[in-house]
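Each chain, letter by letter, is given below.
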Amino acid sequence: QVQLVESGGGPVQAGGSLRLSCAASRRTISNYNMAWFRQAPGKEREFVAAISRFSGSTTYSDSTKGRFTISRDNAKNTAYLQMNSLKAEDTAVYYCAADADNRGLGRLTILYSYWGQGTQVTVSS
């Protein structure tokens, strides 16, 4: 079972940037499609971005496309989410997730077997 730990969150002003990291242990992430989700207070967890096992494919939500970039370094067993041009509505807890069955770059939480504990991102306007 893979263990995921997010880091890199924090407060930032609107228009700023943050880079989130998702460090994996116990298993190599090269076996998994990886994704980022986020959850704002009072809202359901929503899809942000996903990346295939060897970075050949990526997909983004409409609200993050063009501003966020998902990447991975399998040698470092780490996935990343570069977030630029941040907006107040990006405020949320951000979670990384791994799809143990590699069912494609899905956008549903149920498709992902492993989750990190989350890292808070707070964007002030």
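Sequence positions are assigned chain by chain, starting from 1 and proceeding in written order. Totals for whole chains, interfaces and linings use all residues, but because this is a predicted model, local features are given only for residues with pLDDT of at least 70 and pairs of side-chain atoms are given and counted only at 80 or more. With hydrogens and water excluded, all non-hydrogen atoms of the structure serve as input to the side-chain values.

Throughout, a disulfide means two cysteine sulfur atoms within 2.5 Å of one another. For the structure shown, the criterion picks out one disulfide. With a sulfur-sulfur separation of 2.0 Å, Cys 22 is cross-linked through a disulfide to Cys 96. Note on the Cys 22 and Cys 96 pair: the S-S dihedral is about 55°, so by sign convention the disulfide is right-handed. In this pair, Cys 22 sits in strand 3 (residues 18-25) while Cys 96 sits in strand 9 (residues 92-99), placing the two residues 74 residues apart along the sequence. Residue burial is assigned from relative accessible area. The probe radius is 1.4 Å, only protein chains are included, and a residue is buried under 20% of its type maximum, exposed over 50%, and partly exposed in between. Residue class for Cys 22 comes out buried when judged on its relative accessible area of 0%. Comment: elements are numbered from the N terminus, with helices defined as DSSP H or I runs of at least four residues and strands as E runs of at least two.

Further remarks concern the side chain of Thr 119. Counting through the fold element by element, Thr 119 comes out in strand 11 (residues 119-124). We classify Thr 119 as buried; its relative accessible area is 11%. Working rule for contacts: check all heavy atoms of both residues, and any pair within 4.5 Å makes them a contact. Apart from residues no more than four positions distant in its own chain, Thr 119 is found in contact with Glu 6, Ser 7, Gly 8, Gly 9, Leu 20, Ala 92, Val 93 and Tyr 94.

So, about the nonpolar core. Ranked by internal contacts, the top residues of the largest apolar core, which has 29 residues, are Leu 4, Met 34, Trp 36, Leu 81, Met 83 and Tyr 94. When residues of this core are traced back to their parent elements, those giving at least two are strand 3, strand 4 (33-39), strand 5 (46-51), strand 7 (68-73), strand 8 (78-83), strand 9 and strand 11. When sequence neighbours within four positions are dropped, the list of residues in contact with Leu 4 reads Cys 22, Ala 23, Ala 24, Met 34, Cys 96, Ala 97, Ala 98, Tyr 114, Trp 115, Gly 116 and Gln 117. Nonpolar core, defined: a set of buried Ala, Val, Leu, Ile, Met, Phe, Trp, Tyr and Cys residues in which side-chain atoms within 4.5 Å join the residues together. In this structure, Phe 37, Phe 47, Ala 97 and Tyr 112 belong to the second largest nonpolar core, which totals six residues.

Before going further, it helps to examine the sheet that holds strand 8. Pairing is antiparallel in the open sheet, where four strands are placed in the order 1-3-8-7. The open sheet is flanked by strand 1 (3-7) and strand 7, the only strands paired with a single partner. This sheet shows a mean twist of 15° between the axes of neighbouring strands, independent of strand direction. Think of it this way: DSSP has to see at least two bridges between two strands before they count as a pair. Note: strand 1 against strand 3, five bridges, orientation antiparallel. By the bridge assignment for strand 3, Glu 6 is matched with Cys 22. To get an axis, a line is fitted to the C-alpha atoms, and for a helix only the part in contact is used. The angle between two axes follows their N-to-C directions and goes from 0 to 180 degrees.

By the secondary structure assignment, Gly 42 is in the loop between strand 4 and strand 5. For Gly 42, a relative accessible area of 88% puts it in the exposed group. Separated by 43 residues in sequence, Gly 42 and Ser 85 have C-alpha atoms that sit 24 Å apart.

As a further point, take unusual backbone geometry. Note: most peptide bonds trans; most residues except glycine with negative phi. Look at Asn 77: it is not a glycine, yet its phi comes out positive at around 55°. The residue Asn 77 is located in the loop between strand 7 and strand 8 in this model. Residue Asn 77 is classed as buried on the basis of its relative accessible area of 15%. Positioned with a positive phi, Ser 85 is a non-glycine residue whose angle comes to about 50°. Along the chain, Ser 85 turns up in the loop between strand 8 and strand 9.

These values are about where atoms sit, not about what they do.
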